[in-house]
Amino acid sequence: MATFLYKLGRFSFRRRHFVVLIWVALLALAGVGAANASGTGSTSFSIPGTEAQRAFDLIEERSPGAKADGATARVVFKAPAGEKMTDPANKSAVDRVVRELRGGGEVASVVDPYRAKAISKDGTTAYAQVSYDVSGMNLQESSREELKAAGQDAREAGLTVEIGGDALQAIPETGATEIIGVGVAAVVLVITFGSLVAAGLPLLTALIGVGIGVSTITALASALDLSSTTSTLAMMIGLAVGIDYALFVVSRYRAELAEGRAPEEAAGRAAGTAGSAVVFAGLTVVIALVGLAVVNIPMLTKMGIAAAGTVAIAVLIALTMIPALLGYAGGRVVGRKARKNPDSGAAKDNLGTRWARFVLRKPLVVLLVGVVGLGAVAVPASKLELGLPDDGSQPTSTTQRKAYDLVSEGFGPGFNGPLMVVVDAADADDPKAAAGQVGRTVAQLDGVAAVTPAQFNKAGDTAMLTVVPKSKPSSAETEALVHDIRDAGGQIAADTGAKTMVTGTTAMNIDVSEKLDEALLPYLALVVGLAFLLLMVVFRSVLVPLKAALGFLLSVVAALGAVVAVFQWGWLGSLFGVEQTGPIMSMMPIFMVGVVFGLAMDYEVFLVTRMREAYVHGERPGQAVVTGFRHGARVVTAAAVIMIAVFAGFIGSSEQMVKMIGFGLAIAVFFDAFVVRMAIVPAVLALLSHRAWWLPKWLDRILPDVDVEGEQLRERLGDASEGTDRERELAGV
C-alpha cells in the first residue's frame, strides 16, 4: 500500500499539469451536467415491509387516480374578532379563494370547507384542503406561488389566512453560517501552517471535490430520485473530510521537507505514509455510509451512497491532486519564518508533546475524568423520544406553523395529523358492512376524536376512512392509537374477511421511526464489526481497534445526550435557533452512528498510525505515544476544529433536519476528537503499554500486511533506521 501510494504521489508531482487538468475537466463535466439537469428528485420515500407502505401501494393499485402520495396543502381561515366564518362576507371571500385554488396548476382537488363542514364549533375558524397530482418536492414553483397568492383577497377582506402542508416544502436554506464555517476553516489552516499557500491547498481541493460530488448528485437527482437533502449531506461531509485529508498529506509533506528531502521525494513519502492513513480513514467513512443500506429505506440508502461517493472523491484528490499542487507551490508551502530558519523549533516541545507526557504521568486520572464527563453528558440520551418533524416543529414565524396552531386551537391538535384507514374488502362477503364495522370499532377506541364515513373506490372492493386523533401527530398517544387500530384489525378480519391497514403521513412517520429503531443494533454491529476488522489490519492489534470502537460509542451516546438536551428539552435552544422542542428526528441516532463512526476513525487512524509507526521503528510504548502526539496532535486538533466549524455552519439551516444533523455531528466530533482521541486514547495506551500492540501469531499470519506505517517503504528506500535516535531524544521519555 505505502509503496504504491509513494509511486502515485511522485507520479502526480511530476505529471502535475496532466493530473490537475483531469480534475478540472471532471469538475467542468459535472458542472455542465448539473446545469442541464431537469430538476431535483422527490423527497417522498418508501419504507418496504411496513403496513403504511402496503396501504399506499394498495391505494395506488386499486385507485390509481387517488394520488395518495401527492402534495397536500391546508388553507386555514380565521374570522376577525366578533365575526363568524359563516357570515356572508367571510363566506364569499372563502368561496373566491376556493374557486381560485381549483384553477391552479397541478391541483387534483379542493375541498370546500362549507360543504365538508370543516368549520370549528365556535365558528371562527375554517380550512380548505388542497390536493395535488405530484409530490411536494416535485411541485412547480409557480404552483406554490399560486397557493400563496390565493388567500390574498381573503386577507384584504379582513380574514387571517395561513397555509400548511407539504405543498410549501422547499429546498432547505443553509444560510450565511455555512460560509462562516468555511471561513473559520481557512483561519485555522493559516494558523496551523503559517503559510497562505499551504492553507489554501486543502480549501481549494476540498471545494473542487465537493463541487464534483454535489454537481454529479444534482445531475443525477431526477434520474435516481435523489432528494435535496442528499446534496446537503454530501456537501457537509465532503467539505469536512476533504479539508482534513488534504491537511494530513500537506502536513506530512512539510515534515518530510524539514527532514531534508527533495520536494518530489517528500511528496511521494507523504502520499505513502499519510496517504495510507487517509485511504483507511476514508474506507471507514465509506463503510459507515454505505452500511445505511441495512435500514432498507431507499431514500436513506441513496443519501449514504451519494455521500460515500463524495468521500471517495476526497480521498482520490488528497492522493493525486494535492501532490500535483505541491509541485506548483514549491517552497512556498513552508512558512516564511521556517524557510529563513529551518531548524527553528526543531528541538522545542510543542503543546502536543507536553500534553502526552502529562497523560502518561496520570493515565488513570485522565481516563476516569474523560469517561465520567462524557457519561454525564450522555444521561439525557436515556430520555430520547423519536419522531419525524411536522409543521408543529416549524419556526413560529412561518405560515406553516401559524396554520398548524390555528387548526389546533379551532379543531383540536389531531386535525393536523389525521390517520387514513384503508379497508381491503376484496375477500369480504359484504364490503360495505365490513367498512361500517371498521368505522364503528375505530370510533370506540380511546384517543379518537372523529371518524369520517367510508369512501369506496369504483370497484367497490377498497374503502378509505379518515380518523382524527385527539392528540397531536408527534405524540406518544397518537402512536398508541395507530397500534390500537391495527390490533383491532385482527378481530375485524376474523369477523368479516376484510383486512384493515393504517397509513397517511402520521402513520408513515411512526413506521419509519420503528423501522429505524429496529435497524439500529444490526447496523451498529455491521459497521463497527467491519471497521474493527479494517483497523486490525491497519494497526496489527486487537486491543487498539477495540478501544477505538468503545471510545466511539461513548462519544456518540454523549452527542445524542446533547442533542436531546437542546432539541427535545430546549436547553440553550435559543442559542442554536431552536424555536420549537419536540421528538428527535427518527433518522438521527442511526445517522449519527454511521457518519460519526467514520469521521471518528479519521483521527484514530491518523494519530495512532503515527504511534504505531514509532513503535515499529523501535520506540518504547510511552515514547511512541509522545512521538505520535508530537507529530500529529497539532494537525488532528486543526482537523477537528475545521470539521466542527463546517458542521456547525449547517446549524443556520432553515430545515430542522439539517440543523439537528449539523449540531449533532459538530458536538460529536468535539467529544470524540478532544476527549476520546486526545485524552482517553493515550491514557488507555499508557495503561496497556506493550499489550496494546499484541496480536496472536496465528492472526498475524492470516491478516494481510498493508504497510500503513511505511516500514516496507523505508526498507525499500534504504533508510529503515533513519531518524530513530533523534525521535527518542525529542520524546524525552
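We now turn to the structure provided with this report.

The rules behind the values
- Residues numbered from 1 in each chain as written.
- Predicted model: local features only at pLDDT ≥ 70, side-chain atom pairs only at ≥ 80, totals over all residues.
- Heavy atoms only, no water.
- Helix = DSSP H or I, 4+ residues; strand = E, 2+ residues; numbered from the N terminus.
- Contact = heavy atoms within 4.5 Å.
- Areas by Shrake-Rupley, 256 points an atom, 1.4 Å probe, with all protein chains shown as cover.
- Lys, Arg positive; Asp, Glu negative; His and termini not counted.
- Charge placed at Lys NZ, Arg CZ, Asp CG, Glu CD.
- Buried < 20%, exposed > 50% of the residue type's maximum accessible area, 1.4 Å probe, protein only.
- Patch = residues over 30% accessible without salt bridge, like charges linked within 9 Å, V, L, I, M, F, W, Y side chains within 5 Å.
- Salt bridge = Lys/Arg side-chain N within 4 Å of Asp/Glu carboxyl O.
- Phe/Tyr/Trp six-rings, centres within 6.5 Å; stacked < 30°, edge-to-face > 60°.
- Lys NZ or Arg CZ within 6 Å of the ring centre and 35° of its normal.
- Pairing = 2+ DSSP bridges.
- Axes fitted to C-alpha atoms, helices over the stretch in contact; angles between N-to-C directions.
- Parallel < 35°, antiparallel > 145°, perpendicular 65-115°, else oblique.
- Left-handed = near helix turned anticlockwise from the far one by under 90°.
- Nonpolar A, V, L, I, M, F, W, Y, C, P; charged D, E, K, R; others polar.

With that settled, the discussion passes to the overall build of the chain. Within the chain, the regular secondary structure consists of 25 helices and eleven strands. Seen through its C-alpha atoms, the chain measures out along the principal axes to roughly 90 × 50 × 45 Å. Put simply, 80% of the contacts in the chain that link residues at least 6 apart link residues at least 24 apart. Accessible surface computed for the chain: about 29500 Å², of which carbon and sulfur atoms make up 59%. For the chain, the distance from the average site of its 63 positive side-chain charges to the average site of its 68 negative ones is 10 Å.

On the secondary structure map, T310 appears in helix 11 (residues 298–329). Under the relative-accessibility criterion, T310 is labelled buried at 2%. Non-local contacts of T310, meaning those with residues more than four positions away in its chain, are made with G213, I217, A234 and G238.

Okay, a nonpolar patch on the surface next. A cluster of nonpolar side chains, contributed by F11, F18, I22, L26 and L29, occupies part of the molecular surface with about 480 Å² of accessible area. It is helix 2 (residues 16–35) that provides the largest number of residues to the nonpolar patch, a total of four residues. Mapped onto the elements, L29 comes out in helix 2.

A separate point is the packing of aromatic side chains. Tallied over the entire structure, the rule returns eight aromatic pairs. Aromatic side chains F411 and F415 sit 5.4 Å apart centroid to centroid with 40° between the ring planes, which places their arrangement in the tilted category. In this pair, the class of F411 matches that of F415, namely buried. Ring plane angle 25° and centroid distance 5.6 Å describe the contact between Y615 and W693, whose orientation is recorded as stacked. With Y615 in helix 20 (residues 588–616) and W693 in the loop between helix 22 (656–688) and helix 23 (697–702), this pair connects stretches of sequence that are 78 residues apart. Looking at W693, the relative accessible area reads 9%, which means it is buried. Just above the ring of Y114 sits the side chain of K91; from NZ or CZ to the centre is 5.0 Å.

With the rule as written, the count across this model stands at 17 salt bridges. In this structure, E264 engages R10 in a salt bridge whose closest nitrogen and oxygen atoms are separated by 3.0 Å. You can see E264 sitting in helix 10 (residues 263–290) and its partner R10 sitting in helix 1 (residues 2–14), a full 254 residues away along the chain. By relative accessible area, R10 is classed as partly exposed at 25%. Measuring nitrogen to oxygen at the nearest pair gives 2.9 Å for the salt bridge that ties R486 to D511. With a gap of 25 residues between them, R486 in helix 17 (residues 476–496) and D511 in helix 18 (residues 505–539) connect regions that are remote in the sequence. Neither R486 nor D511 differs from the other in exposure class; each is buried. When salt bridges with common partners are traced through the structure, they connect R10, R14, E264, E265 and R269 into a single cluster.

Time to look at the pairing of strand 3 (residues 125–132). Counting buried positions over the eight residues of strand 3 gives six, a clear majority of the element. Bridge count for strand 1 (residues 72–78) against strand 3 is seven bridges, and the pairing is antiparallel. When the sheet's bridge partners are listed, T72 is paired in strand 3 with S131. Where strand 2 (residues 107–111) lies against strand 3, four bridges are found, and the strand directions are antiparallel. The residue bridging V107 from the neighbouring strand is Y132, located in strand 3.

Turning our eyes to something else, we now look at the packing of helix 19 (residues 543–568) against helix 20. In a packed pair of helices, the relevant descriptors are the angle between the two axes and the axis-to-axis distance. Running from amino to carboxyl end, helix 19 crosses helix 20 at an angle of 135°, the nearest separation of the two axes being 9 Å. As far as their axial angle goes, helix 20 and helix 19 are oblique. Read as a crossing pair, helix 19 and helix 20 show a hand that is right-handed. Contacts between helix 19 and helix 20 involve V544, K547, A548, F552, V556, A559, L560 and V563 from the former and M588, P589, M592, V593, V596, F597, M601, E604 and V608 from the latter. In the contact of helix 19 with helix 20, the residues fall into 15 nonpolar, no polar and two charged.

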